[in-house]
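Each chain, written out:
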Amino acid sequence: MDAKLPNPVRSVFEQVERDGTVVVNIGPSHPATHGTIQIIVELDGEKVVRADAHCGYLHRGFEKECEAHTWHNLIPYVDRLNYCSALSNDFAYCAAVEELMGIELTPRCKYLRTLLAEYSRIADHLTCIAASLMEMGAMTAFLYLVMLRDFIYEHLAALTGARVTYTYGRIGGLACDLPPGWLARLDEILDQYEVFVGRVHGLMDRNRIFIDRTRDVGVISTAEAINWGFTGPILRSTGAPRDLRKDTPYLAYAELDFEVPVGIKGDNYDRYYVRMREMDESVHMIRQLVDLLPDGPINVDDRRCTFPEKRLVYTEIESLINHFKLVMEGPQVPAGEVYSAQEAPNGELGFYIVSTGEGTPYKVHVRSPSFVHMGGAHRLMEGYQLADIIPTFGSVNMIGGECDR
Amino acid sequence: MDTAVLDLLKERLDTVHETAISHGTLVLVVAPAELPGTVQRLKSEFEFDLFLDVTAVDWPGQKPRFEVVYHFYSTTHRVRFRLKTRVSEEDPTVGSLVSLYGSARFMERECHDMYGIVFRGNPDLRPILLYEGFVGHPLRKDYPKRAEQPLVPYRD
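Bear in mind the structure is a predicted one, so any value in this text is a computation, not a measurement.

Novice: What is the right way to look at the overall build of chain A in this model?
Specialist: The helix and strand tally for chain A stands at 16 helices and 8 strands. Relative to its length of 405 residues, chain A is compact, with a C-alpha radius of gyration of 22 Å against a globular reference of 22 Å. Seen through its principal axes, chain A has C-alpha atoms that stretch 80 × 60 × 35 Å. Out of the 405 residues in chain A, the part that is buried amounts to 51%. Across chain A, contacts joining residues at least 24 apart in sequence account for 70% of those joining residues at least 6 apart.

Written out as structure tokens, the structure reads:
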């Protein structure tokens, strides 16, 4: 083995800045950080003077791999970006490709995608809040929230066949329509949500220990949050009502009635509360969407991307060829480039895709919120206690799959 | 969405080579040397305060080879636009935007990792998704997907 190779990680600081401080390494595999990330901090006593976050431990060459697969074959890969809300990734990716192809979704698909994106947002926020509360010792709240999340996972498994990585979006539509009874169960779960999230509010909101750990910890101002590229709940917790669902409405959001909850100070408590309120808004939206959900086909009638019915593939030559071409060569996406962004649970999830008119992308780039948030995470940690890193990091909700790609 | 600012932008920015509308997004092309100055004006005069993304596209065989692509968003006007510049393989250098946007720091590091674009003025171009000792730039088209890297020794 070549001993001349350097240490795979080089910290931005090797030496302490002043006397009496010490450099401490946290991670990349630490029991209290729910994500594979390494944070190197300089401590003065228990106070963090400098912090340096290293990501990349889950890098698996997503963008390189995309260039070797057809447009359809990428859908399972994009699922694995943010594995807490895989459906949001599916829909954001499909929306980018559809924009390049000039496809207008069917009304049912549009509403169903909106409903499922909001459902995913609830699952994602539940995961984030549950994990960060548990790290502060709130085991009951954790179990209530994770139980709800499990209801959602099981319910989505009934729809898509998978619990976490669904591969449910399709270019120009969705994999399948809702099974019978799905909406009735949805209603039950939303009722359960209200019961248990109400209990978590009762347990946490005015809890002295929780407030002491989160109030005025990891504070960031709106201007600074924008400077560091923060979007989503972190930016909203500073008091800026910036939400792509309202600002540049896509899917069916323009027709829905919802609020954009914002915080006051941009600290950990606000990030917790903004997420809790956002889930309530999502529930409110889902209830409207269930009433609005139109009938009709879920896939567009476009032979460039929609697979023909299996029955026809076996009986007529045109459909057989169509199926063959779509599988072997992939959908022919017109040459061009597009940047399409949606409000994922963590913030702006953007896909920048370049096509040269072939069945395989020329380039796929993901603007993942977690990666950008990690670029500014040190700002939330510096000046606070070592023990505050855990709740702060939890409130940022870094998802390794999306951050490291 | 307030698209009036985009018309104003096309009119007032004299450093821009060409403008186009691609799928509803305004695309501006500038020379690498003029990039930091143009972005400075975009930030101060047109309120494009959110630096969304930087990446590159490799076009082997074309001259110049790399297209560096930026996306900006204005939280005031709620519009997005794309800024592009082209750099050659021999001198893949553009000015860094870290002095204007904090978020450029990580994203320029990633672009440097993946394409070898050098951002002049970014003090911290350490590998970010890759590791120290990684040979080559994996998202360049001439980097084979199955290329092997020298193994990193275990730490003592």
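So much for the structure itself; the text now carries on.
Novice: Please explain the overall build of chain B as it appears in this structure.
Specialist: The helix and strand tally for chain B stands at 3 helices and 7 strands. The N-to-C order of helical and strand elements in chain B reads α-β-β-α-β-β-β-β-α-β. Within the span of chain B, comprising 156 residues, buried residues form 42% of the whole. Taking the intrachain contacts of chain B between residues at least 6 apart in sequence as the baseline, contacts between residues at least 24 apart amount to 48%.

Novice: Just checking my understanding: could you explain the nonpolar core for this structure?
Specialist: Note on soluble globular proteins: their nonpolar side chains tend to be buried together. Formed by 153 residues in total, the largest nonpolar core has its most connected members in Tyr 93, Ala 96, Val 97 and Ile 353 of chain A together with Phe 72 and Ile 117 of chain B. By residue number, the principal contributor to this core is helix 4 (residues 107–135) of chain A, which donates 14 residues. Leaving out residues up to four positions away in the same chain, Ile 117 of chain B has contacts with Ala 56, Phe 66, Val 68, Val 87, Pro 92, Val 94, Cys 111 and His 112 of chain B.

Novice: What exactly am I supposed to notice about the sheet that holds strand 6 (residues 336–344) of chain A here?
Specialist: Strands pair in a sheet through their backbones, by hydrogen bonds, and they do so in one of two ways: parallel or antiparallel. All names here are of chain A. The strand order across the open sheet built from 3 strands is 6-7-8, with neighbouring strands paired in antiparallel fashion. Each edge of the open sheet carries a strand with a single partner, namely strand 6 and strand 8 (363–367). Each strand axis lies, on average, 15° off the axis of its neighbour in the sheet, ignoring direction. As defined by bridge partners, strand 7 (residues 347–355) adjoins strand 8 across 5 bridges and the pair is classed as antiparallel. When the bridges of strand 8 are listed, Phe 351 appears paired with Val 366.

Novice: Before we go on, may I ask you to explain the sheet that holds strand 2 (residues 25–29) of chain B in this structure?
Specialist: Residue and element names in this part refer to chain B. One open sheet accounts for 5 strands, arranged 1-2-5-4-3; its pairing is mixed. Edge strands, defined here as strands with exactly one partner in the open sheet, are strand 1 (18–22) and strand 3 (50–58). Mean inter-strand twist for the sheet, computed between neighbouring axes without regard to direction, equals 20°. Examined bridge by bridge, strand 4 (residues 66–74) and strand 5 (residues 79–87) share 9 bridges and lie antiparallel to one another. What sits directly across from Ser 74, in strand 5, is Val 79.

Novice: What am I meant to see in unusual backbone geometry here?
Specialist: Residues other than glycine predominantly adopt negative phi, and peptide bonds predominantly adopt the trans conformation. Of the consecutive residues Lys 63 of chain B and Pro 64 of chain B, the connecting peptide bond is found in the cis state with omega at -10°. For Pro 64 of chain B, the position within the fold is in the loop between strand 3 and strand 4. Here Thr 167 of chain A, not a glycine, exhibits a phi torsion of approximately 50°, which is positive. Locating Thr 167 of chain A in the fold gives a position in the loop between helix 5 (139–160) and strand 4 (169–170).

Novice: Can you walk me through the interface of chain A and chain B in this structure?
Specialist: Often, the extent of an interface is quoted as the loss of accessible area upon association of its parts. Taken together, the contacts link 43 residues of chain A with 37 residues of chain B. When residues of the side of chain A that touches chain B are traced back to their parent elements, those giving at least two are helix 1 (62–66), helix 3 (86–101), helix 8 (222–227), strand 6, strand 7, strand 8 and helix 14 (369–381) of chain A. It is helix 14 of chain A that contributes the most residues to the side of chain A that touches chain B, 5 residues altogether.

Novice: Teacher, can you tell me more about the packing of helix 6 (residues 182–204) of chain A against helix 11 (residues 268–292) of chain A here?
Specialist: In helix packing, the relevant descriptors are the interaxial angle and the interaxial distance, both defined with respect to the helix axes. Residues and elements named next belong to chain A. Contact pair helix 6 / helix 11: the axes reach a minimum separation of 11 Å and the direction vectors enclose 160°. Overall, the two elements helix 6 and helix 11 adopt an arrangement that is roughly antiparallel. By crossing handedness, the relation of helix 6 to helix 11 is classed as left-handed. Residue-level inspection shows Leu 183, Leu 186, Leu 190, Tyr 193, Val 197 and His 201 of helix 6 in contact with helix 11, the latter providing Met 276, Met 279, Val 283, Ile 286, Arg 287 and Val 290. Taken together, the residues of the contact of helix 6 with helix 11 sort by class into 10 nonpolar, 1 polar and 1 charged.

Novice: Help me understand the pairing of strand 5 of chain B in this model?
Specialist: Successive side chains on a regular strand alternate, one facing one side of the sheet and the next facing the other. Residues and elements named next belong to chain B. Counting buried residues along strand 5, 8 of its 9 residues qualify, which places the element largely inside the surrounding structure. Two elements, strand 2 and strand 5, share 4 bridges in a ladder whose sense is parallel. Bridge pairing links Leu 28 to Leu 83 in strand 5. With antiparallel pairing between neighbouring strands as the criterion, strand 4 and strand 5 make up a hairpin whose turn holds 4 residues, including Arg 78 at a positive phi of roughly 55°.

The rules we used
Residues numbered from 1 in each chain as written. Chains lettered and ligands numbered in written order. Predicted model: local features only at pLDDT ≥ 70, side-chain atom pairs only at ≥ 80, totals over all residues. Helix = DSSP H or I, 4+ residues; strand = E, 2+ residues; numbered from the N terminus. Rg over C-alpha atoms; globule rule 2.2 N^0.38 Å. Buried ≥ 20, exposed ≤ 12 C-beta atoms within 10 Å, placed from the backbone. Contact = placed C-beta atoms within 7 Å. Core = buried A, V, L, I, M, F, W, Y, C linked by C-beta atoms within 7 Å. Pairing = 2+ DSSP bridges. Axes fitted to C-alpha atoms, helices over the stretch in contact; angles between N-to-C directions. Parallel < 35°, antiparallel > 145°, perpendicular 65-115°, else oblique. Left-handed = near helix turned anticlockwise from the far one by under 90°. Nonpolar A, V, L, I, M, F, W, Y, C, P; charged D, E, K, R; others polar.

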